[in-house]
Amino acid sequence: MLEKPEAKASWLATVSNRFKKGGKLQPFRLLRQDIHNLRQRYVSDWTVFNQLVVASAVYVFFTNILPGITFANDLFVLTGESWGTIEVVFSTGLCGLIFSLFSAQPLTILGVTGPFSVLAENMYKLCTNNFHVPFLPVMAWSLIHSAWMHYLLAIFNAHDYTMQYVTDFSADIFSLLNSVIYFHKASLELKRNHDNVPFDAFLYSIIGAFGTCLMAIFLSTALEWKPLFGRIIRMGLAEYAAAISIIFFIGVPYMGELANLDHERLSIQKSFRPTSPARDMFFVRFWEVPLEWVFISIIPGAIITVLFYFDHEISSIICTVERYGVKKPGGYAWDIVLLGTTTALCGILGIPPANGLLPQAPLHSESLRHWVEVDDDDDEDSDTPLTTTSNNNPPQSATATATATATASPSTSSSSTTLSSPNIDDAAPRKKKLVPRVHEQRYSPLLQSAMILVFISPPFQHLLGFTPTSVLAGLFMYMGYQSLSVNPILPRFFEMLSPPSELPPLPNPQISRWAVHGYTLTQIVLTGIIFGVTLTVAAPGFPVIIIILVPVRLWIMNRIWGRETLRFVDGWACRPGKPEDSEEEKAARGEGERGGGDENVSASANVGEDDVERGLAMTSTGMINEGVKEKQR
């Protein structure tokens, strides 16, 4: 009888300690740290502005607004015209502008995502067909509830005890689900085109859709065309592949006899007002809803919170992985507070909320990536740019094995030198290495958001009205291709179809090839199940299923597959190491983390010009996961 009070007291003491200073649940612990980090970096974020920043802003503008327009056309049809092009453009520009000015990590790019579009479309069906309540007020309350849930996650330091348990298993399934959603939306777009236009126009829409996708894929490989054209031209074709393809196929229907076809084009507004004829201003009377729905909306609000938190955190982490050489501190908790604020604001304005985007966020970092040269034996934290070159192209005068005879001037860090004025007499030859860095600033996200926001004005809305919906279907396919091409599930699936004799040997004899195939097949089947759920009345709950996969991986799958097999195929998604690491490996990694965080960067940076250009070519085709895997392996 005496044990129960003691056990209860011990449990209460454990819980109480978590809320004390230094505990995982100590209120505002991460927020205070993030605000301190933001104050430290904010002024310096406005001191970097150059041609690469401008090029990055233009690049991200195209990769952000074009998919947004694609989702807008889908939402226009499937939400009963509640949301359309102007709402999506307004949300993307407004939220992006707020984050570029006030976020702790401005490299993260925001926009309306595919998973949220699926969620919103199904909420509209439930509100309209099943419960007969107005969609926008219910959505507004859902987003308001989601806001205070975001605040609670930030106040109680959710980043520390949630994302650290997510593995590639769940992240890869989420990425594959995005790919499937993109391809499915492309097919729906073509189906609607078939229903709304004559057969000859529909046949052209198929050509336009596949032409847009294939031309973008073809141009994205331009960096591999060496020595055709110059390097600058190849880089331009690769970076603006999607934009060039879309502009080309927007213009084709106006040529020759094609101009006589009855093409279906994007629906737009001719004035600055909401898409729905029933609304005359961007404001939702969210109080005009039955009282019980104020509380029922907590359920979709919680689902939106799970989706946004998971999506935004992954986006923020991937755009700051080691391969980008990010130096300034971020702030996950502060950005979640900011995300909650923009989410509630979007609900009140009656526009779809925006959150962190994949692959746009890491593509933003990639477009700002450049190289600096440092002494091979110096700490990278003290490097100063010797020669900076845009778009991943390192200085031609130095490679990993180059030896420079130079001495730094008194005003220059000892870790870097100036090749243009060597002093051979005063210095012994030093080995140099190239390390990647990213221009960490706020101008590129600010400029791209401002350019997007311009398109809510009637003249620019009119320009968007020239876009055939077949081009949007092609863009969906291209986005699906981009997302799928970087997913490690795809090469493992191809291995399932290959004879064992044609495959490279596994690194460890304890790893079973059949176990790897079973693991891959499990991911594919689970993706199919979750996608099937998105097509049913239970679609709003699909983010919860993805979250449930996290404990399933940690507590159940290690009973099915062996330790070495799981170490081979899986790893932590948001931090170094793997769940199955031994205590010795964890201890060694902990020492490495305390000693500095850029070892992987310097190891991977010793590359030549051709290697880097090939790396940029991989990026241009969407292969952004390379850097993430560097961290995990």
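All values derive from a computational prediction rather than experimental measurement.

### A short note on the overall build of the protein chain
1) Next: Scanning the protein chain from terminus to terminus reveals 26 helices and five strands.
2) Next: Looking at the protein chain residue by residue over its 633 residues, the buried ones come to 56%.
3) Next: For the protein chain, long-range pairs separated by at least 24 residues make up 82% of all intrachain contacts whose partners lie at least 6 apart in sequence.
4) Next: When the accessible surface of the protein chain is totalled, it reaches about 26,900 Å², and 65% of it is carbon and sulfur.

### Describing the packing of aromatic side chains
1) Next: Under the criterion given, the structure shown has 30 aromatic pairs.
2) Next: Consider the rings of phenylalanine 493 and phenylalanine 494, whose centres lie 6.1 Å apart with planes at 50 degrees: the pair is tilted.
3) Next: Phenylalanine 493 sits in the partly exposed class, given a relative accessible area of 31%.
4) Next: Among the aromatic side chains, those forming a connected cluster through ring pairs are Trp83, Phe116, Tyr124, Phe135 and Phe308.

### Examining unusual backbone geometry
1) Next: The residue after lysine 226, namely proline 227, is reached through a cis peptide bond having omega 10 degrees.
2) Next: Examined against the element boundaries, proline 227 turns out to sit in the loop between helix 9 (199-220) and helix 10 (231-239).
3) Next: Even without being a glycine, phenylalanine 28 presents a positive backbone phi close to 70 degrees.
4) Next: Along the polypeptide, phenylalanine 28 turns up in the loop between helix 1 (3-19) and helix 2 (29-41).
5) Next: Phi is positive for histidine 132, close to 55 degrees, though the residue is something other than glycine.
6) Next: Mapped onto the elements of the fold, histidine 132 is located in the loop between helix 5 (114-131) and helix 6 (135-155).
7) Next: By relative accessible area, histidine 132 is classed as exposed at 64%.

### A short note on the UniProt feature "transmembrane region" (unreviewed entry) in the protein chain
1) Next: Under the local residue numbering, the UniProt record ascribes the feature "transmembrane region" (unreviewed entry) to residues 52-76, 88-111, 131-153, 203-225, 237-256, 291-310, 331-351 and 524-550.
2) Next: Taken end to end, residues 203-225 comprises 78% helix and 0% strand; its first and last C-alpha atoms sit 32 Å apart.
3) Next: Split by type, residues 524-550 is 74% helix and 0% strand. Its first and last C-alpha atoms lie 16 Å apart.

### Side note on helix 2
1) Next: Counted at 1.5 Å a residue, the expected span for helix 2 with its 13 residues is 18 Å, and the 19 Å between its end C-alpha atoms agrees.
2) Next: Restricting attention to buried positions, one finds in helix 2 the residues Arg29, Leu30, Leu31, Asp34, Asn37, Leu38 and Arg41.
3) Next: Turning to helix 2, the residues buried within the fold contact helix 4 (85-102), helix 6, helix 7 (158-161) and helix 14 (332-349).

### Some remarks on the side chain of threonine 527
1) Next: Residue placement: threonine 527 occurs in helix 20 (residues 513-534).
2) Next: Residue classification places threonine 527 among the buried positions, given a relative accessible area of 2%.
3) Next: Excluding its chain neighbours within four sequence positions, the residues that come into contact with threonine 527 are Ile173, Leu176, Leu177 and Val180.

### Description of the pattern of salt bridges
1) Next: Following the criterion strictly, the structure yields 15 salt bridges and no others.
2) Next: With a shortest N-O distance of 2.8 Å, glutamate 564 and arginine 563 are connected by a salt bridge.
3) Next: The class of glutamate 564 is buried, set by a relative accessible area of 17%.
4) Next: Each of Asp74, Glu121, Lys185, Glu189 and Arg192 takes part in one network of salt bridges that share partners.

### Side note on the packing of helix 3 (residues 51-78) against helix 18 (residues 469-485)
1) Next: Close contact between helix 3 and helix 18 brings their axes to 9 Å; oriented N to C, the two are set at 115 degrees. Helix 3 and helix 18 meet at a crossing whose hand is left-handed. Side by side, helix 3 and helix 18 meet where Leu66, Pro67, Ile69, Thr70, Phe71 and Asn73 of the first sit next to Thr469, Leu472, Leu475, Phe476 and Met479 of the second.
2) Next: Tallied by class, residues from the contact of helix 3 with helix 18 come to eight nonpolar, three polar and no charged.

### What to know about the nonpolar core
1) Next: If you look at the biggest cluster of nonpolar residues, it comprises 120 residues, and the most contacted ones within it are Trp83, Phe116, Phe135 and Met139.
2) Next: The dominant element in this core, judged by the number of residues it contributes, is helix 6, at ten residues.
3) Next: Those residues in contact with methionine 139 that lie beyond four places of it in its chain are Trp83, Phe116, Ala120, Met123 and Ile304.
4) Next: Formed by nine residues, the second largest nonpolar core is a distinct cluster that contains Leu107, Tyr324, Val326 and Val438.

### Details of the confidence of the model for the protein chain
1) Next: Per-residue confidence for the protein chain gives a mean pLDDT of 80, with 83% of residues at or over 70.
2) Next: Note on residues 384-393: pLDDT under 50 across the span, and 39 contacts to partners over four residues away in sequence or across chains.
3) Next: Taken together, the stretch residues 395-426 has pLDDT below 50 and engages in 63 contacts with residues farther than four places along the chain or on a different chain.

### Details of the packing of helix 8 (residues 168-196) against helix 21 (residues 542-555)
1) Next: Interaxial distance between helix 8 and helix 21 falls to 9 Å at its minimum, and their mutual angle equals 155 degrees. In terms of orientation, helix 8 lies roughly antiparallel with respect to helix 21. Along this stretch, helix 8 crosses helix 21, giving a crossing that reads as right-handed. For the pair helix 8 and helix 21, contact is made by Phe169, Ser170, Ile173, Phe174 and Leu177 and by Phe542, Ile546, Leu549, Val550 and Arg553, respectively.

### Here we look at the environment of serine 485
1) Next: Looking at where serine 485 falls in the secondary structure, it is placed in helix 18.
2) Next: Expressed as a C-alpha distance, the spacing of serine 485 and leucine 176, which sit 309 residues apart in the sequence, is 9.9 Å.

### Thoughts on a nonpolar patch on the surface
1) Next: Where nonpolar side chains cluster on the molecular surface, the patch consists of Tyr254, Val454, Phe460, Leu463 and Phe466 and spans about 410 Å² of accessible area.
2) Next: Residue placement: valine 454 occurs in helix 16 (residues 443-454).
3) Next: Judged by relative accessible area, valine 454 falls into the partly exposed class, the value being 35%.

### With respect to the side chain of asparagine 37
1) Next: Summarising the element assignment, asparagine 37 is placed in helix 2.
2) Next: Judged by its relative accessible area of 11%, asparagine 37 falls in the buried class.
3) Next: Excluding anything up to four places from it in sequence, asparagine 37 contacts Pro329 and Gly330.

### Remarks on the environment of alanine 201
1) Next: Position of alanine 201 relative to the elements: it lies in helix 9.
2) Next: By relative accessible area, which is 2% here, alanine 201 ends up buried.
3) Next: Sequence separation of alanine 201 and histidine 263 is 62 residues, and the distance between their C-alpha atoms is 6.0 Å.
4) Next: Once residues within four sequence positions are removed from consideration, alanine 201 is found in contact with Leu261 and Asp262.

Definitions and limits used
- Residues numbered from 1 in each chain as written.
- Predicted model: local features only at pLDDT ≥ 70, side-chain atom pairs only at ≥ 80, totals over all residues.
- Heavy atoms only, no water.
- Helix = DSSP H or I, 4+ residues; strand = E, 2+ residues; numbered from the N terminus.
- Buried < 20%, exposed > 50% of the residue type's maximum accessible area, 1.4 Å probe, protein only.
- Contact = heavy atoms within 4.5 Å.
- Areas by Shrake-Rupley, 256 points an atom, 1.4 Å probe, with all protein chains shown as cover.
- Phe/Tyr/Trp six-rings, centres within 6.5 Å; stacked < 30°, edge-to-face > 60°.
- UniProt positions renumbered as here; feature names shortened; annotations may be inferred.
- Expected span 1.5 Å × (residues − 1).
- Salt bridge = Lys/Arg side-chain N within 4 Å of Asp/Glu carboxyl O.
- Axes fitted to C-alpha atoms, helices over the stretch in contact; angles between N-to-C directions.
- Left-handed = near helix turned anticlockwise from the far one by under 90°.
- Nonpolar A, V, L, I, M, F, W, Y, C, P; charged D, E, K, R; others polar.
- Core = buried A, V, L, I, M, F, W, Y, C linked by side-chain atoms within 4.5 Å.
- pLDDT = per-residue confidence, 0-100.
- Parallel < 35°, antiparallel > 145°, perpendicular 65-115°, else oblique.
- Patch = residues over 30% accessible without salt bridge, like charges linked within 9 Å, V, L, I, M, F, W, Y side chains within 5 Å.

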